[in-house]
Amino acid sequence: AYQANVVTDIVETTLHTPFEPSPTAVSVFPNPTNGPFQLEGCAENAVWRVFDARGSLVLLGQGTQGSLLGLTSGLYFLHVHDGKRKEASALPLRVN
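On a predicted model such as this, the values are computed, not experimentally measured, just so you know.

K.L.:
Can you help me understand the sheet that holds strand β1 (residues 27-29) in this one?
P.N.:
Pairing between the strands of a sheet is mediated by backbone hydrogen bonds and can be parallel or antiparallel. If you trace the three strands from one edge of the open sheet to the other, you get β1-β2-β5, paired in antiparallel fashion. Whereas interior strands pair on both sides, the edge strands pair on one side only; in this sheet they are β1 and β5 (65-67). Taken over all neighbouring pairs, the strand axes of this sheet differ in orientation by 30° on average, direction set aside. Relative to β5, strand β2 (residues 36-40) runs antiparallel, the two sharing three bridges. Paired with glutamine 38 across the strands is glutamine 65, a residue of β5.

K.L.:
What am I meant to see in the pattern of salt bridges here?
P.N.:
Pairing is possible between side chains that carry opposite charge, provided their charged atoms lie close to one another. Taken as a whole and judged by the stated rule, the model has one salt bridge. A salt bridge links arginine 54 to aspartate 52; its shortest N-O distance comes to 3.3 Å. Overall, the relative accessible area of 73% leaves arginine 54 in the exposed class. Exposure remark for aspartate 52: the relative accessible area of 12% places this residue in the buried category.

K.L.:
Just checking my understanding: could you explain the sheet that holds strand β3 (residues 47-51) for this structure?
P.N.:
The antiparallel open sheet is built from four strands, whose spatial order is β4-β3-β6-β7. A single partner strand is all that each edge strand has here, and the edge strands are β4 (57-62) and β7 (89-95). Ignoring which end each strand starts from, the neighbouring axes of this sheet average 25° apart. Pairing of strand β6 (residues 74-81) with β7, which is carried by seven bridges, proceeds in the antiparallel orientation. Counterpart to histidine 79 in the pairing with β7 is alanine 90.

Rules and cut-offs
- Residues numbered from 1 in each chain as written.
- Predicted model: local features only at pLDDT ≥ 70, side-chain atom pairs only at ≥ 80, totals over all residues.
- Heavy atoms only, no water.
- Pairing = 2+ DSSP bridges.
- Helix = DSSP H or I, 4+ residues; strand = E, 2+ residues; numbered from the N terminus.
- Axes fitted to C-alpha atoms, helices over the stretch in contact; angles between N-to-C directions.
- Salt bridge = Lys/Arg side-chain N within 4 Å of Asp/Glu carboxyl O.
- Buried < 20%, exposed > 50% of the residue type's maximum accessible area, 1.4 Å probe, protein only.

Shown next, in the form of structure tokens:
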């Protein structure tokens, strides 16, 4: 038998779960920007890549600073790998 209340309970639980970022999470600021940015929470030798909405690599760099100068306005994704974590951190990055 189909139980409609089970689906409702799952959706409500999922939507009401508060998001708490990890204390070791990587952050980027300022965001949005159309110029320089700073990474926090990663190693000084972190490798970062910026991808456009189609998944194409548009920038590559190393360290805790970079620049989005010259990119058109839109949403990009910043992937950061610093060797301390198994997986790279992926952050939405908006160019204004």
